[in-house]
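# Fold and contact review
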Amino acid sequence: MSRSSSRFAVFICNILIVALSAAAVLSYFLMPLWRVNVSYLLREEQLKEMLPEDMAEIDVGEIVGDGIELSVTVELESGDVVAAFTDSDPAQTVERAIERNVDAVVDQLTPVLDEIAEKAMRAAARQSVNEIVRDQIKNLLDPDAYDDIDARVEEVLDKAGFTEAYINEKTDAFIDAVYAENATVDTVASVAVGTAEEVLEKLRASGEEEFADAVLTDERKAEIESAVSDALSTVANEDGSIDMQNFVASLLLEFLRSSDQSADESTDNAPAEGAVASLSDFAETETDGSAGTDVQEELKAEIKSFLLDKIPDGTADTVVLALKIAGGVIAFTMLTWAYLVLKILCKMFAKNPAVKLKLPIWLGWLPFLVLVLLPTVFLRLAEGGALSSLIPAETLAAMEGISLSFFSAGWVAFAAAIALIVLFIPYGIFRRRLRRAARGDEDSD
């Protein structure tokens, strides 16, 4: 191959090297410096421990099935590293990073938790309706007229057609009304009143003398509508529209505030009110705003405050110091790529425009090594039991069911280093050929 052909080949390779170097540097500004993906498989046992005591009898297996995966990501951006050098107060740097990640985590978890909450609410409502239907019938019967009042209640239930399937159907119809698009307090109250009327109608149709005069009075309708309004107050806007997106946020907010949920069940309510009572018991919270306030924003603020309060004194200084060290390492690796580009530019018109590629190949991907490769290898060894003797048993138990994976903008530099390794052999041949040609020219002079 002639010298001109070798120079042209090196020129093409240099363009590719410059592109790889630019990508390696720019990736730190365009991608998260470090992202930790955390996944947890929520199983029946864990959810059962999380539910309140009055929901202990719920079939949790029906809610979670084989398990529900909860996934969140926590990110460290290059801007956080820059802020470690520019912020006058270390706490400000830490607070900003926490604030951004809390917002992201809440947004990621809300859809999954909404699904869990809906399933749990349906299960709780069914359980409550079953109990209240029986209490309602028992209140309408004369306890002195029967030796076994409970047996008489079951007889009435069977005769009136109050099967488990029927109760589940009516309970689901009520919950569907709550979650329906464009749902309002009035539409849900209408379903509750309609269900109560249907229940009393079935009791009258049973032919039992005790229920011949069982009717839903206007006063009773007003009580049901009031119960619905009270139960939905935490998820209803000022115009009466229902915002179930704030439902789980309200639960988590109340959990963080360590407030006891109040339970105001009335045994003389109609069955539809049983579903209302379950909704109220499961969702009633006291937030700092009126109806319609974005509870998710309150939740985010509460979590941020909770985390910041848990950070020991001096931790912010340690975190900022770590960020500064990370910034130094990143700056050094970026310089290895920038130096490569600088050498190419300086030798652009030289007889031998080829450069050495070893520096970025060896040192240009250190962040990827530290932030992705090493922790990934460590986790794999821990999962395989190779490090069981080095890791406390409590830590291993806490990690059970948790899956971690890592990502870093440094993967671009790592990929670029691999590309340079592939390019190293042919590029080195052209470089040595041009070097010999340049020496030959000097000898001929």
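Going by the structure above, here's the rest.
Below: a short report on this structure. (Residues numbered from 1 in each chain as written. Predicted model: local features only at pLDDT ≥ 70, side-chain atom pairs only at ≥ 80, totals over all residues. Heavy atoms only, no water.)

### What about the nonpolar core?
Applied cut-off: Residues belong to one nonpolar core when they are buried, are Ala, Val, Leu, Ile, Met, Phe, Trp, Tyr or Cys, and are joined through side-chain atoms within 4.5 Å. Only protein chains enter the accessibility calculation, which uses a 1.4 Å probe. A residue is then buried if its area is under 20% of the maximum for its type, exposed if over 50%, and partly exposed in between. Working definition: helices are DSSP H or I runs of at least four residues, strands are E runs of at least two. Numbering for both runs from the N terminus. Whether two residues are in contact is decided by their heavy atoms, any of which lying within 4.5 Å being enough.
If you look at the biggest cluster of nonpolar residues, it comprises 38 residues, and the most contacted ones within it are Ile 17, Tyr 28, Trp 337, Leu 357, Leu 420 and Tyr 427. Of all the secondary structure elements, the ones that give two or more residues to this core are α1 (3-30), α4 (78-86), α13 (315-346), α15 (366-383) and α17 (410-444). Residue contacts for Leu 420: discarding those within four places in its chain leaves Ile 17, Leu 20, Trp 337, Leu 340, Leu 357, Pro 360 and Ile 361. In terms of nonpolar packing, the next biggest core, distinct from the first, is built from 37 residues, Ala 160, Ile 175, Ala 196 and Val 199 among them.

### Quick word on the environment of Met 31
Structurally, Met 31 is set in the loop between α1 and β1 (34-42). Linking Met 31 and Ala 409, residues 378 residues apart in sequence, is a C-alpha distance of 5.3 Å. Filtering out sequence-adjacent residues up to four positions away, Met 31 remains in contact with Ser 78, Phe 407, Ala 409, Trp 411 and Val 412.

### Let's talk about the packing of aromatic side chains
Definition in use: Two aromatic rings, drawn from Phe, Tyr or Trp (for Trp, its six-membered ring), form a pair once their centres lie within 6.5 Å of each other, and the interplanar angle then sorts them: stacked below 30 degrees, edge-to-face above 60, tilted otherwise.
The full count for this structure, using the stated rule, is three aromatic pairs. For the pair Trp 34 and Phe 406, a centre-to-centre distance of 6.1 Å together with 10 degrees between the ring planes defines the contact as stacked. With Trp 34 in strand β1 and Phe 406 in strand β3 (residues 402-407), this residue pair connects regions lying 372 residues apart in the sequence. The exposure class assigned to Trp 34 is partly exposed, which follows from its relative accessible area of 28%. The class of Phe 406 is buried, set by a relative accessible area of 17%. Here the aromatic rings of Trp 365 and Phe 414 are separated by 5.3 Å at their centres, their planes lie at 65 degrees, and the arrangement is edge-to-face.

### Quick word on unusual backbone geometry
Backbone geometry follows two general trends: most residues other than glycine have a negative phi, and most peptide bonds adopt the trans configuration. The phi dihedral of Asn 182 falls on the positive side, at around 65 degrees, and the residue is not glycine. Position of Asn 182 among the secondary structure elements: in the loop between α7 (164-179) and α8 (185-205).

Everything listed here is a matter of coordinates, which is why it stays silent on function.
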